[in-house]
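Chain and residue survey
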Amino acid sequence: MPGQWIADDETARFNRRSREVSYSHVFPVAEMQSTASQYFGSMVAEYDSLIRRAVPRYDEMRERLLEYLPPTAVRVLELGCGTGNLSLALAGKYPQAKLTMVDAAPEMLNLTRLRLQESGRLTAEHTFVQSTFEELSLATGDYDLITSCISLHHVQDKAALYKSLRLSLAPGGYFIFADQLRGGTERIHEVNWRLWLDFCRQPGGCSEEEIDSLLQHAEKHDHYTPLAEHFQLLAEAGFRDFDCTWRNLIWGIVHAAV
Ligand SMILES: C[S@@+](CC[C@H](N)C(=O)[O-])C[C@H]1O[C@@H](n2cnc3c(N)ncnc32)[C@H](O)[C@@H]1O
């Protein structure tokens, strides 16, 4: 249900359930999921291992994203918290902030809350919202910073999303996110894709079963937009100060300001 707040007893239920998840069941279950968040929610126990074997320089990208965020921000919105890797870093960078974490998968929200709690960084100012990005209801000027890591490529209608995010940012606010981008030309995209698959197949990388699952997921749920089109859509939504502050294959960090 959009905008649903996650209750504490769900964290306990999640803990019980995650202990029951066995690795060998993760991918067959994940393949049956009909939305991107169901796919990720079904692999919560395996996500942190898989993402590092499937996304080259994942940790470097998140660390670089943090470097380009403003030094201070009070009202911060994170779209697609997943298992909380960026959320923990945001809570560390902005310990006093009202940090709102959104994800459509309750399993992901519960794990993020648990990890914040275990790290001692959970505060009463932290809010967890179960909603799709598309259905999220945002008030005008509510945030100083909106950020996200590899989540927004699941949204097809980026024009509508960017307009709604722009309205929810206060004057002087920032929208800075890491995401998966389409190459500027088909040839560039194909090279990026081939080099990504080479990365996945390195020793210690993904199994062929995992790669099949990732490819099926991408085909079904991913909507890659070239960087130039992101800039155009951001401009049409009223943003300025565009830049790409980091790029590796299909992954990039996009910067925009109000
Ligand atoms: C690839 S994970 C990224 C998680 C985390 N930010 C990271 O860097 O590891 C994408 C997350 O976005 C969520 N998600 C995908 N599509 C969504 C949508 N349309 N609305 C809300 N959440 C969505 C998934 O449930 C998942 O937790």
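Residues numbered from 1 in each chain as written. Predicted model: local features only at pLDDT ≥ 70, side-chain atom pairs only at ≥ 80, totals over all residues.

**What to know about the overall build of the protein chain**
When helices and strands are tallied, the protein chain shows 11 helices and 9 strands. Taken over 258 residues, the protein chain has a buried fraction of 36%. Long-range pairs, those at least 24 residues apart, make up 75% of the contacts in the protein chain with a sequence separation of at least 6. (Helix = DSSP H or I, 4+ residues; strand = E, 2+ residues; numbered from the N terminus. Buried ≥ 20, exposed ≤ 12 C-beta atoms within 10 Å, placed from the backbone. Contact = placed C-beta atoms within 7 Å.)

**Some points on the site of the ligand**
The ligand sits among 22 residues. The nearest are Ser-37, Gly-80, Gly-82, Cys-149 and His-154. Of all the elements in the fold, those that place two or more residues in the shell around the ligand are α3 (36-41) and α6 (85-93). Ranked by residues supplied to the shell around the ligand, first place goes to α3 with 4 residues. Looking at side-chain class alone, the shell around the ligand contains 12 nonpolar, 8 polar and 2 charged residues. (Near = placed C-beta within 6 Å. Nonpolar A, V, L, I, M, F, W, Y, C, P; charged D, E, K, R; others polar.)

**Looking at the pairing of strand β5 (residues 143-149)**
In terms of residue burial, β5 counts as a mostly covered element, since 7 of its 7 residues are buried. Between the parallel pair β5 and strand β6 (residues 169-182), the chain is carried across by helix α8 (residues 158-168), and the sense of this crossover is right-handed. (Right-handed = clockwise from strand over helix to strand, strands pointing away.)

**Some remarks on unusual backbone geometry**
The phi dihedral of Arg-57 falls on the positive side, at around 60°, and the residue is not glycine. Turning to its location among the elements, Arg-57 is positioned in the loop between α4 (47-54) and α5 (58-68). You can call Arg-57 partly exposed: it has 15 C-beta atoms within 10 Å. For Ile-150, which is not glycine, the phi torsion reads 40° and is therefore positive. Within the secondary structure, Ile-150 is located in the loop between β5 and α8. In this structure Ile-150 comes out as buried when scored by C-beta crowding, with 22 C-beta atoms within 10 Å.

**Some details on the confidence of the model for the protein chain**
Put simply, the protein chain has an average pLDDT of 89, and 87% of its residues get 70 or more. The model gives residues 1-31 a pLDDT under 50, and that stretch makes 40 contacts with residues more than four places away or in other chains. (pLDDT = per-residue confidence, 0-100.)

**Regarding the nonpolar core**
Core analysis: the largest hydrophobic core is formed by 52 residues, its most contacted members being Val-76, Met-108, Ile-146, Phe-175 and Ala-178. Top contributing element to this core by residue count: β6, with 7 residues. Look past the residues within four positions of Val-76 in its chain and what remains in contact with it is Leu-90, Tyr-94, Ala-97, Leu-99, Tyr-143, Asp-144 and Leu-145. (Core = buried A, V, L, I, M, F, W, Y, C linked by C-beta atoms within 7 Å.)

**A short note on the environment of Phe-133**
On the secondary structure map, Phe-133 appears in the loop between β4 (127-130) and β5. For the pair Phe-133 and Ser-151, spaced 18 residues apart in sequence, the C-alpha separation works out to 9.5 Å. Contacts of Phe-133, omitting those with residues within four sequence positions, involve Leu-79, Val-102, Val-155 and Leu-161.

**Concerning the pairing of strand β9 (residues 251-257)**
Here β6 pairs with β9 via 7 bridges, running antiparallel. Residue pairing across strands places Phe-175 opposite Ala-256, the latter belonging to β9. The pairing of strand β8 (residues 240-248) with β9 spans 6 bridges and is classified as antiparallel. Considered in β9, the bridge of Arg-240 is made with Ala-257. (Pairing = 2+ DSSP bridges.)

**Some remarks on the packing of α8 against helix α11 (residues 227-236)**
It is at 8 Å that the axes of α8 and α11 come closest, and there the two elements cross at 45°. Accordingly, the angle class assigned to the pair α8 and α11 is oblique. Along this stretch, α8 crosses α11, giving a crossing that reads as right-handed. Facing α8, whose interface residues are Lys-158, Ala-159 and Tyr-162, α11 presents Leu-233, Leu-234 and Glu-236. (Axes fitted to C-alpha atoms, helices over the stretch in contact; angles between N-to-C directions. Parallel < 35°, antiparallel > 145°, perpendicular 65-115°, else oblique. Left-handed = near helix turned anticlockwise from the far one by under 90°.)

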